[in-house]
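# Secondary and tertiary structure notes
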Amino acid sequence: MRYKGTHPRKFSEKYKELNPEKYQQDVEKIIGQGKTPAGMHISIMVNEILDFLQIQPGQIGYDATLGYGGHTRKMLECLKGKGHMYATDVDPIESKKTKERLATLGYGEDILTIRRMNFAELDKVAPDVKFDFVLADLGVSSMQIDNPERGFTFKYDGPLDLRLDPSSGVTAAERLCELDEDELVGMLVENADEPYANRIAKEIMKTLHKGEKIETTRQLHDAIERALSFLPKGEQKEAVKKSCQRCFQALRIDVNSEFEALYAFLEKLPMVLKPGGRAAILTFHSGEDRLVKKAFKQGLRDGIYREVARDIIRPSAEECYQNPRARSTKMRWAVKA
């Protein structure tokens, strides 16, 4: 890969991080500095998940969010060549790479079935199969965040897309043009608890009504920056950064109908679990966690689950240091009656 200067700057030039299997020493060095290599995803709370799921050889499991395949790989190791894993992901780009990566490690179709579909359709993943264990990691993979072409980050300029499946649905840029100001305020509050939702929505609508476009991640960032220009200079930089994170999150949730998918997943989850089957869910913001908590508590009251997590489980301080993207993680679990 040719690039200017002594170090690659663009995502597409980072040949070492984009091929971590070939440059393991470099990747380990980056991880040791408490950073996530570009194009790679570090699995969160692996030990806590495995401790709860208690996977035994011969069991059948389901990873609802394949991503980079880190959790899937660890669960496959617990099966020791016996049993079967199913996994789903809507992202055609990353799921293909992960399938190839796991196949090279010896996890072929005899023990691992990967389907490109939304976890809302978990009842169709293996219709005649009941699972001993299920995992759903609701976070966006680092590979998606780091690639500017996907539009998940405001750190680099790129198309304002935010779709987990770039081949279907409307982009975040198109979605902004469909909303009126009140709808945008509601989305920012409901999906991200954005404190400056009214000001940001007003500025975005003002920009669009003037005939200016918000089609790139930088253009959205600049609109948010203008909306918060009333803040004291010393507070602006950090406030803009946090509001950008929340607004991008809110748009991503909306564009991908993530709450609707989670509703469907939680409703169907008991149907696919064996008696005594275990389910663990990782969430990354309060809206998701509230839905999971409510569904599990209701399932316990209705006798669907025999036991649920009374309190959330969080990653250790050591893990958060090694992987800062783990900080907002919350884990909840349930056991089928």
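Whatever comes next refers back to the structure up there.
First, a word on what this report is: a plain description of the structure on this page.

All right, on to the overall build of the chain then. Across its full length, the chain holds 14 helices and seven strands. Every one of the 337 residues in the chain was classed for burial, and the buried ones make up 52%. In the chain, once contacts between residues fewer than 6 apart in sequence are set aside, the share between residues at least 24 apart is 70%. In the structure as shown, the chain presents an accessible area of about 17200 Å², 48% of it carried by carbon and sulfur atoms.

We now examine the packing of helix α3 (residues 46-53) against helix α4 (residues 70-79). For the pair α3 and α4, interaxial distance at closest approach is 11 Å and the crossing angle is 40°. The pairing of α3 with α4 is recorded here as oblique in orientation. By crossing handedness, the relation of α3 to α4 is classed as right-handed. In this structure, α3 contributes V46, I49, L50 and L53 to the contact, and α4 contributes H71, K74, M75 and C78. When grouped by side-chain class, the residues that make up the contact of α3 with α4 number six nonpolar, one polar and one charged.

Before going further, it helps to examine helix α8 (residues 181-192). The end-to-end C-alpha separation of α8 is 16 Å, in line with the 16 Å expected for twelve residues at 1.5 Å each. All of the buried residues in α8 are L184, V185, M187, L188, N191 and A192. Projected down its long axis, α8 shows its buried positions confined to an angular sector of 160°, all on one face. Exposed residues pointing more than 90 degrees away from the buried face of α8 are listed as D182 and E190. Buried residues along α8 sit against α7 (172-178), α9 (197-209), α11 (233-255) and α12 (258-272). For α8, the N-terminal cap is D180; the gap from its side-chain oxygen to the backbone nitrogen of D182 is 3.2 Å. Directly beyond the C-terminal end of α8, a positive phi value near 50° is found at D193.

Conventions adopted
- Residues numbered from 1 in each chain as written.
- Predicted model: local features only at pLDDT ≥ 70, side-chain atom pairs only at ≥ 80, totals over all residues.
- Heavy atoms only, no water.
- Helix = DSSP H or I, 4+ residues; strand = E, 2+ residues; numbered from the N terminus.
- Buried < 20%, exposed > 50% of the residue type's maximum accessible area, 1.4 Å probe, protein only.
- Contact = heavy atoms within 4.5 Å.
- Areas by Shrake-Rupley, 256 points an atom, 1.4 Å probe, with all protein chains shown as cover.
- Axes fitted to C-alpha atoms, helices over the stretch in contact; angles between N-to-C directions.
- Parallel < 35°, antiparallel > 145°, perpendicular 65-115°, else oblique.
- Left-handed = near helix turned anticlockwise from the far one by under 90°.
- Nonpolar A, V, L, I, M, F, W, Y, C, P; charged D, E, K, R; others polar.
- Expected span 1.5 Å × (residues − 1).
- Arc of directions from axis to C-beta.
- Polar contact = N/O pair within 3.5 Å; in protein donor to acceptor, adjacent residues only side chain to side chain.

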